Amino acid sequence: MPSPRFYRNPSGLNKSYALRGDEKPACLILAEGSAEAWFLERWLDVAGCNPSDVAVVCFEGQSQLGANFRSLVEEENFSGVKKLGFLLDAEKLSGPAVADSIRQMLQRNGLIPKTSTLSAGVPADINGIRIAVHVSPDNLSPGFVEHVVLNEIRTHQWASCINAFEAAIVGVGRSAYPKTLVSAFLGIHEAGLCGTQHGFSKGYLDVMHDAYADIRTTLSHLI
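Residues numbered from 1 in each chain as written. Predicted model: local features only at pLDDT ≥ 70, side-chain atom pairs only at ≥ 80, totals over all residues. Heavy atoms only, no water.

Formed by 36 residues in total, the largest nonpolar core has its most connected members in Phe39, Leu40, Leu44, Val56, Phe200, Tyr212 and Leu219. Secondary-structure elements contributing two or more residues to this core are strand 1 (27-31), helix 1 (34-46), strand 2 (54-58), helix 4 (145-153), helix 5 (159-171), helix 6 (178-189) and helix 8 (213-219). In terms of residues, this core owes the most to one element, helix 1, which gives six residues. Ranked by size, the runner-up nonpolar core spans 32 residues in total, among them Ala55, Val57, Val133 and Val135. (Core = buried A, V, L, I, M, F, W, Y, C linked by side-chain atoms within 4.5 Å. Buried < 20%, exposed > 50% of the residue type's maximum accessible area, 1.4 Å probe, protein only. Helix = DSSP H or I, 4+ residues; strand = E, 2+ residues; numbered from the N terminus.)

Here you go:
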């Protein structure tokens with residue numbers, strides 16, 4: 001993978017991150033997994049952002065978010081963070097439910113008042129902090145970022161190959177999971193390539209595609 005500039009704790013390099021010393025970003029974006037983190041890495045680069053101003057931190061699953069976020073809040077330079085972004089999956093819940101869990105987490109850490117409201121896809125300025133939350137696939141439905149990626153793949157010249165593969169899977173009585181279909185698409189690009197994060201890191205997935213317009217729109221309020 002290319003060396004990241006915004007993604008501060010990529011797996012295999014340095015999985016820890018601390019807001020200490022010279023690390024003083026005004027904008028902190030927390031990504032659920034490496035796929036989201038590499039999407040942000042590529043997009044922020046295209047957008048011409050300054051890595052010293054924007055940091056992307058992967059918290060590796062919603063069950064880890066609370067503890068990881070609390071550790072960041074306790075760091076010496078957290079007071080300089082004036083913009084907070086979250087890019088995560090709805091999984092089996094919904095966009096509003098996930099956004100509400102983010103609201104409660106921010107309240108527990110004393111960052112926003114108990115009376116505050118927070119909606120997925122709707123940036124807000126609360127207590128001097130600009131906050132933006134995007135919950136894949138569409139801020140409403142259950143699902144994952146791979147559902148969004150499939151919207152790009154459906155427009156690709158190889159879409160017929162992936163559609164035929166999906167039909168074959170269903171035809172033998174199996175479920176055609178979005179992550180399976182995305183990995184199949186990436187495997188056409190490069191033998192053995194598996195994992196949505198590699199699609200973004202290697203440029204096989206286009207972060208400026210219309211499929212990701214809602215993500216870009218929501219988080220652009222931070223940059």
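Still more ground to cover, so stick around.
Right, let's get into the side chain of Thr196. Relative to the assigned elements, Thr196 resides in helix 7 (residues 196-201). Of the residues examined, Thr196 reaches a relative accessible area of 5% and is grouped as buried. Not counting the four nearest positions on each side in its chain, Thr196 is found in contact with Ala35, Glu146, Val149, Val182, Leu186 and Leu205. (Contact = heavy atoms within 4.5 Å.)

On to the packing of helix 2 (residues 62-73) against helix 3 (residues 95-108). Orientation of helix 2 relative to helix 3, taken along the N-to-C sense of each, is 20°, at an axis distance of 11 Å. Classified by the interaxial angle, the pair formed by helix 2 and helix 3 is roughly parallel. Note on packing geometry: the crossing formed by helix 2 with helix 3 is right-handed. When helix 2 is examined against helix 3, the residues Gln62, Leu65, Gly66 and Phe69 are found in contact with a partner set consisting of Val98, Ile102, Met105 and Leu106. Grouping the constituent residues of the contact of helix 2 with helix 3 by class yields six nonpolar, two polar and no charged. (Axes fitted to C-alpha atoms, helices over the stretch in contact; angles between N-to-C directions. Parallel < 35°, antiparallel > 145°, perpendicular 65-115°, else oblique. Left-handed = near helix turned anticlockwise from the far one by under 90°. Nonpolar A, V, L, I, M, F, W, Y, C, P; charged D, E, K, R; others polar.)

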